[in-house]
Amino acid sequence: MNAFSPIGPVVGVVGAGQLARMTQQSAIALGIELRVLANTPDESAARVIVDTRLGDYRDLSDLRDFAKGCDAITFDHEHVPTEHIRALTADGVQVHPGADALVHAQDKAVMRERLTAIGAPCPAWARVPDVERAVAFAAEHGWPMVLKAVRGGYDGRGVWICRTEAEVAEAFDAGIPLMAEAFVPFERELAVLVARSPHDQGVSYPVVETVQQDGICVEVLAPAPGLDPEEAAQAQRLALNIAHELGVTGLLAVEMFQTAGGLLVNELAMRPHNSGHWTIEGALTSQFEQHLRAVLDLPLGSPTMTAPVVVMVNLLGGDDPDVFKRYEHVMAHDPGVKVHFYGKQVRPGRKIGHVTAVGDDLDEVRARARHAAVHLTTGEYV
């Protein structure tokens, strides 16, 4: 526990993953005291933040103890029970985003209902309580169909692309509430990161392209290459309108499908997001600084890019856990590449960090970022 009296405002982050860890860098520069609620002392953010409290985010008493002395509470994940957030708000705690907004990132069916009501473009969808209802949905909208866990699920987990009734039945064997969506033959995946303050100031970062592999984002290209300026502006307006209509305070990441018929909203996240890690080096105001500004209701910073092209590549753990022995080559080969490690034990396929490169030419910048990421993960050269 921090034994010092805070000098600046105190922001409490529920969760101690890499998002909280990277938020600390911006908090230092802003003069903000960051406090995190961790499950264990070896979590990513707990390793670097002095004011780390241990507790269970599912326990209201732990949350109440954690909130004492905080000027604002926010999250690095969406799993805090909605009723606990309401209780904290009733106690007079400033919680951003609030329960009425965050539920749309916690419950995909609630999200779809609200987005449909405000006219945001979405895939056809339905709640499906059983196999028979899901098969009927597929009969109406076509195979394959997509089943999603209503709550939980990330990085491809909790999503089933079903081509037969047997695969639908297999998904229902998980024993969790599911919803169905029509399969979208998209051209590529885009993401828009926006921020909104409690007094309704909003800003949008440039639209980016996210490259997925096995349900995991492996690469982010900023700005999305070849995107029509009008479609880019439409995506930004859509994301800002969603933030306003849902009452989001803080960051909102809107993941979209670009299709031949236009844009469709896929998922929402209300926190710093993997699609925005490029902003640390690639924007005048990083997503982490922007989130802190928003939750404290400070004027928002400029989202302007620092270079014409920015590429972020995720570092996934490989078979050799000794990543640092390959660090020297990456530094010497390209001093301009920036590497961020998350303080996590290396496991195959686990996100352990990311690399970012900036420049003028997409192919050149992309090659630099990929070279660093591949070498750090595997020791190979590309």
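Just above, that's the structure.
Predicted model, so just to flag it, every value in this text is computed and none were measured. Numbering of residues starts from 1 in each chain and follows the order in which that chain's sequence is written. Owing to the predicted nature of the model, reporting of local features is limited to residues with pLDDT of at least 70; listing and counting of side-chain atom pairs is limited to 80 or more, with chain, interface and lining totals taken over all residues. Each side-chain value is worked out from all heavy atoms of the structure, with water and hydrogens disregarded.

J.: What should I look at first to understand the side chain of H375 in this one?
T.: Going along the chain from the N terminus, every DSSP run of H or I of four or more residues is numbered as a helix, and every run of E of two or more is numbered as a strand. Looking at where H375 falls in the secondary structure, it is placed in helix α12 (residues 362–378). A 3.5 Å cut-off defines polar contacts: any pair of N or O atoms within that distance qualifies, except that in protein one atom must be a possible hydrogen donor and the other a possible acceptor, and neighbouring residues in sequence count only when both atoms are side-chain atoms. Of the polar contacts made by the side chain of H375, one reaches the backbone oxygen of E380; its length is 3.1 Å. Between two residues, a contact is recorded if the distance between any of their heavy atoms is within 4.5 Å. Sequence-distant contacts of H375, defined by excluding residues within four places in its chain, comprise R326, H329, V330, E380 and Y381.

J.: How should the pattern of salt bridges be read in this particular structure?
T.: Pairs may arise between side chains of opposite charge once their charged atoms sit close together. For this analysis, a salt bridge means a side-chain nitrogen from Lys or Arg found within 4 Å of a carboxyl oxygen belonging to Asp or Glu. Tallied over the entire structure, the rule returns 23 salt bridges. Put simply, R368 and E364 hold a salt bridge, and the shortest N to O gap is 3.7 Å. A residue pair is termed a helical-turn pair when its members lie 3 or 4 positions apart in one helix, as R368 and E364 do in helix α12 at four residues. Partly exposed describes any residue whose relative accessible area lies between the buried limit of under 20% and the exposed limit of over 50%, with all areas from a 1.4 Å probe on protein chains only and scaled to the type maximum. Its relative accessible area of 38% is what places E364 among the partly exposed residues.

J.: Sorry if this is basic, but what is going on with the pairing of strand β8 (residues 178–182) here?
T.: Every other side chain in a regular strand lies on the same face of the sheet, so the side chains alternate between the two faces. Where burial is concerned, most of β8 is hidden: five out of the five residues are buried. Of the two faces of β8, the one holding L178, A180 and A182 and the one holding M179 and E181 are both buried throughout. Inspection of the sheet shows strand β5 (residues 125–127) paired to β8 by three bridges, in the antiparallel sense. For W125, the partnering residue across the bridge sits in β8 and is E181. Pairing between strands requires that DSSP locate at least two bridges from one strand to the other.

J.: Quick question: what am I supposed to make of the sheet that holds β8 here?
T.: The strand order β5-β8-β6-β7 describes an open sheet built from four strands, whose pairing is antiparallel. With one partner strand each, in any of the chains shown, β5 and β7 (159–162) form the two edges of the open sheet. This sheet shows a mean twist of 25° between the axes of neighbouring strands, independent of strand direction. Bridge count between strand β6 (residues 145–149) and β7: four bridges; the pairing is antiparallel. Along β7, the bridge assignment pairs M145 with C162. All axes are obtained by fitting lines to C-alpha atoms, using only the stretch in contact for helices, and the reported angles, taken between N-to-C directions, cover 0 to 180 degrees.

J.: Just checking my understanding: could you explain the packing of helix α1 (residues 18–30) against helix α10 (residues 287–295) for this structure?
T.: Packed helix pairs are characterised by how far apart their axes lie and by the angle those axes make with each other. Contact geometry of α1 with α10 gives a least axis separation of 8 Å together with a crossing angle of 70°. With respect to α10, the axis of α1 lies roughly perpendicular. Judged by residue contacts, L19, M22, T23, S26, A27 and L30 of α1 engage F288, E289 and L292 from α10. Considered class by class, the residues forming the contact of α1 with α10 number six nonpolar, two polar and one charged. An angle below 35 degrees is treated as roughly parallel, one above 145 as roughly antiparallel, one from 65 to 115 as roughly perpendicular, and anything else as oblique. Residue type decides the class: Asp, Glu, Lys and Arg count as charged, Ala, Val, Leu, Ile, Met, Phe, Trp, Tyr, Cys and Pro as nonpolar, and the leftover types, Gly among them, as polar.

J.: Please clarify how the packing of aromatic side chains should be interpreted in this entry.
T.: The description of an aromatic ring pair uses the distance of the two centres, along with the angle that the planes make with each other. Two rings from Phe, Tyr or Trp (for Trp, the six-membered ring) form a pair when their centres are within 6.5 Å of each other. A pair whose planes differ by under 30 degrees is stacked, one over 60 is edge-to-face, and the rest are tilted. This model, assessed by the stated rule, comprises five aromatic pairs. Between Y205 and W278 the ring centres are 6.3 Å apart and the planes differ by 85°, which places this aromatic pair in the edge-to-face class. One end of the pair, Y205, is in the loop between β10 (202–204) and β11 (208–213); the other, W278, is in the loop between β14 (262–269) and α9 (279–282), and 73 residues separate them in sequence. Judged by its relative accessible area of 1%, Y205 falls in the buried class. Judged by centre distance (4.9 Å) and plane angle (45°), the ring pair of F324 and F341 falls under tilted. Pair noted here: F324 is in the loop between β15 (309–316) and α11 (327–333) and F341 is in strand β16 (residues 338–341), with a separation of 17 residues, a long-range link. Of the aromatic side chains, those joined through ring pairs into one cluster are F324, Y327 and F341. A ring has a charge above it when a Lys NZ or an Arg CZ is no more than 6 Å from the ring centre and no more than 35 degrees off the ring normal. Lying over the aromatic face of Y57, R58 brings its terminal NZ or CZ to 5.4 Å of the ring centre.

Note that every value here comes from positions in space, so none of it alone points to a role or purpose.
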